[in-house]
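Each chain, written out:
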Amino acid sequence: QVQLVESGGGLVQPGGSLRLSCAASGFISSRVAMGWYRQGPGKQRELVATITSGGSTTYADSVKGRFTISRDNAKNTVYLQMTSLKPEDTADYYCTKGVVAGLQVWGQGTQVTVSS
């Protein structure tokens, strides 16, 4: 069955970097759009980045220039490279298969905390 497993979260200081991974199984992730979402404490869930089957990417304004979404087709894995992290990036980050609202398949999430 379709499964998404995120990893790579943790505690990082402001200005630091993390790379999140989303290992997909049960489908070929390169053939569908994939997304990263996040939900911070007391905040609504936010779409952070997407990558289409053709490799086109989109980003939330709040992360443009700092985050990069990419994929390794051989590993069936999607990544979110996060740099210049800010305290406001603190959130649970989720990988999705698909980016159409209500039709996504969600991973279990990985927690990112940006704090000194």
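Sequence positions are assigned chain by chain, starting from 1 and proceeding in written order. Restriction of local features to residues with pLDDT of at least 70 applies here, the model being predicted, together with a cutoff of 80 or more for giving and counting side-chain atom pairs; totals for whole chains, interfaces and linings are based on all residues. To get the side-chain values, all heavy atoms of the structure are used, and hydrogens and water are removed first.

Tell me about the overall build of the protein chain, residues and numbers included.
Secondary structure elements follow DSSP: runs of H or I no shorter than four residues count as helices, runs of E no shorter than two count as strands, and numbering proceeds from the N terminus. Each helix and strand counted, the protein chain has zero helices and 11 strands in total. When the helices and strands of the protein chain are placed in sequence order, the string is β-β-β-β-β-β-β-β-β-β-β. Compactness check: the protein chain gives a C-alpha radius of gyration of 13 Å against a globular reference of 13 Å for 116 residues, within 12% of the reference. In terms of principal-axis extent, the alpha carbons of the protein chain reach across some 40 × 25 × 25 Å. Every one of the 116 residues in the protein chain was classed for burial, and the buried ones make up 42%. Within the protein chain, residue pairs in contact and separated by at least 24 positions form 53% of the contacts whose partners lie at least 6 positions apart. The Shrake-Rupley method, run with a 1.4 Å probe sphere, supplies the accessible areas, and residue values consider only the shown protein chains as cover. With the model as given, the accessible surface of the protein chain reaches about 6,000 Å², and the carbon-plus-sulfur share is 48%. We score Asp and Glu as negative and Lys and Arg as positive, and we do not count His or the chain ends. Charge positions are represented by NZ for Lys, CZ for Arg, CG for Asp and CD for Glu. Of the side-chain charges in the protein chain, 11 are positive and 7 negative, and the distance between the mean point of each set is 6 Å. Only C-alpha atoms enter the radius of gyration, while the globule expectation follows 2.2 Å times N to the 0.38, with N the number of residues. Each residue is assigned to one of three classes by its accessible area relative to the maximum for its type, calculated with a 1.4 Å probe on protein chains only: buried under 20%, partly exposed between the two thresholds, exposed over 50%. Here, two residues are considered to be in contact whenever any of their heavy atoms come within 4.5 Å of each other.

Describe unusual backbone geometry, and please don't skip the residues or the numbers.
It is generally the case that most residues other than glycine have a negative phi and that most peptide bonds are trans. Unlike most non-glycine residues, N76 shows phi in positive territory, near 55 degrees. Mapped onto the secondary structure, N76 falls in the loop between β7 (67-72) and β8 (77-82). The class for N76 is buried, based on a relative accessible area of 16%. With a phi close to 50 degrees, S84 is a non-glycine residue in the positive phi region. Within the secondary structure, S84 is located in the loop between β8 and β9 (91-97).

Which residues make up the pattern of salt bridges, and what are the values?
In a structure, side chains of opposite charge can pair up when their charged atoms sit close to one another. Salt-bridge detection follows one rule: a side-chain nitrogen of Lys or Arg within 4 Å of a carboxyl oxygen of Asp or Glu. Evaluated as defined, the whole model comprises four salt bridges. Measuring nitrogen to oxygen at the nearest pair gives 2.9 Å for the salt bridge that ties R38 to D89. Within this pair, whereas R38 is found in strand β4 (residues 34-39), its partner D89 is found in the loop between β8 and β9, the two being separated by 51 residues in sequence. The buried category is assigned to R38, whose relative accessible area is 7%. In this structure, K64 engages D61 in a salt bridge whose closest nitrogen and oxygen atoms are separated by 3.2 Å.

Give a description of the side chain of T96 that names residues and reports values.
For T96, the position within the fold is in strand β9. Beyond its immediate stretch of four places on either side in the chain, T96 contacts L4, A33, M34, G35, Y37, Q104, V105 and W106.

Explain the nonpolar core residue by residue, including any values.
In this structure, M34, W36, V48, F67, L80, M82 and Y93 are the most contacted members of the largest nonpolar core, which totals 25 residues. Those elements that provide at least two residues to this core are β3 (18-25), β4, β5 (46-51), β7, β8, β9 and β11 (110-114). It is β3 that contributes the most residues to this core, four residues altogether. Nine residue types can take part in a nonpolar core, namely buried Ala, Val, Leu, Ile, Met, Phe, Trp, Tyr and Cys, and a core is a set of them joined through side-chain atoms within 4.5 Å.

Just geometry here; none of it tells us what the structure is for.
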